[in-house]
Amino acid sequence: MQFDSFSAFLEMGGYAFYVWLSFGVTFGVMILLVVLSFRQHKGLLKSVLKEQQRQVRIKEAREKSHASSAQ
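What counts and how
Residues numbered from 1 in each chain as written. Predicted model: local features only at pLDDT ≥ 70, side-chain atom pairs only at ≥ 80, totals over all residues. Heavy atoms only, no water. Helix = DSSP H or I, 4+ residues; strand = E, 2+ residues; numbered from the N terminus. Rg over C-alpha atoms; globule rule 2.2 N^0.38 Å. Areas by Shrake-Rupley, 256 points an atom, 1.4 Å probe, with all protein chains shown as cover. UniProt positions renumbered as here; feature names shortened; annotations may be inferred. Salt bridge = Lys/Arg side-chain N within 4 Å of Asp/Glu carboxyl O. Buried < 20%, exposed > 50% of the residue type's maximum accessible area, 1.4 Å probe, protein only. Phe/Tyr/Trp six-rings, centres within 6.5 Å; stacked < 30°, edge-to-face > 60°.

Visitor: Whenever I open this one, the overall build of the chain confuses me. Can you help?
Guide: A tally of helices and strands in the chain yields 2 helices and 0 strands. Relative to its length of 71 residues, the chain is extended, with a C-alpha radius of gyration of 29 Å against a globular reference of 11 Å. Overall size of the chain, expressed as C-alpha extent along the three principal axes, is 90 × 15 × 15 Å. Counting every atom, the chain has about 6800 Å² of accessible surface; 65% of that belongs to carbon and sulfur.

Here it is, written out as structure tokens:
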């Protein structure tokens, strides 16, 4: 489909509202998906870090209690 002018391109043969609305919704949802994915990734990384720190504390507590019971 060829357009005579840029304004004709923007009008999309009378279907501009539907065409540009669909593009807007699509890009909006894609941007939302990227943002939410990054937030979820960041949350998962924080969760993993907390779990690793918890494991270190548990290990230190076990070593400490083992050392005190050996005396």
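Visitor: Where do I start with the UniProt feature "transmembrane region" (unreviewed entry) in the chain in this structure?
Guide: Cross-referencing UniProt, the feature "transmembrane region" (unreviewed entry) maps to residues 15-36 in the present numbering. Counted over residues 15-36, helix gives 95% and strand 0%. Its end C-alpha atoms are 32 Å apart.

Visitor: What am I meant to see in the pattern of salt bridges here?
Guide: Pairs can form between side chains of opposite charge whenever their charged atoms are close. If you walk through the whole model with that rule in mind, you get 1 salt bridge. Linking E51 and R54 is a salt bridge whose minimum nitrogen-to-oxygen distance equals 3.1 Å. Of this pair, E51 and R54 both sit in helix α2 (residues 16-70), 3 residues apart, which is roughly one turn of the helix. Owing to a relative accessible area of 36%, E51 belongs among the partly exposed residues under this scheme.

Visitor: Quick question: what am I supposed to make of the packing of aromatic side chains here?
Guide: Working definition: an aromatic ring pair is given by the centre-to-centre distance plus the angle between the planes. Counted by the stated rule, this structure contains 6 aromatic pairs. Judged by centre distance (5.4 Å) and plane angle (80°), the ring pair of F3 and F9 falls under edge-to-face. Ring geometry for F23 against F27: centres 6.2 Å apart, planes inclined by 25°, an arrangement best described as stacked. With F23 and F27 both in helix α2 and 4 residues apart, this pair spans about one turn of that helix. Residue class for F23 comes out partly exposed when judged on its relative accessible area of 40%. Counting every residue linked through ring pairs, the aromatic cluster contains F3, F6, F9, W20, F23 and F27.

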